[in-house]
Amino acid sequence: MALSTWIALLLQDAPPADGGGANTTVKIVSGVLALVLVGIIIMRRKGGKKKDEEEF
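Residues numbered from 1 in each chain as written. Predicted model: local features only at pLDDT ≥ 70, side-chain atom pairs only at ≥ 80, totals over all residues. Heavy atoms only, no water.

Engineer: Report on the overall build of the protein chain, specifying residues and quantitative values.
Structural biologist: Each helix and strand counted, the protein chain has two helices and zero strands in total. Residues counted as buried form 0% of the 56 residues belonging to the protein chain. Of the roughly 5,600 Å² of accessible surface on the protein chain, 68% is carried by carbon and sulfur atoms. (Helix = DSSP H or I, 4+ residues; strand = E, 2+ residues; numbered from the N terminus. Buried < 20%, exposed > 50% of the residue type's maximum accessible area, 1.4 Å probe, protein only. Areas by Shrake-Rupley, 256 points an atom, 1.4 Å probe, with all protein chains shown as cover.)

Engineer: Any chance you could break down a nonpolar patch on the surface for me, citing the residues and the numbers?
Structural biologist: On the surface, Ile28, Val32, Val36, Leu37 and Ile40 cluster together into a nonpolar patch covering about 450 Å² of accessible area. Classification of Val32 by relative accessible area gives partly exposed; the value is 45%. (Patch = residues over 30% accessible without salt bridge, like charges linked within 9 Å, V, L, I, M, F, W, Y side chains within 5 Å. Salt bridge = Lys/Arg side-chain N within 4 Å of Asp/Glu carboxyl O.)

Spelled out as structure tokens, the structure:
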């Protein structure tokens, strides 16, 4: 029963704090940029390991 209460709380729509969509847009853009940066870091680490292995 407690689990269904938590699910109901998480799924309900909360009104935006500023009354507009600007806050949502900022969250979406920052989320996409965070994913891009994580992808770049992962790709650089994978690329760096291959170069180190080829030198030996």
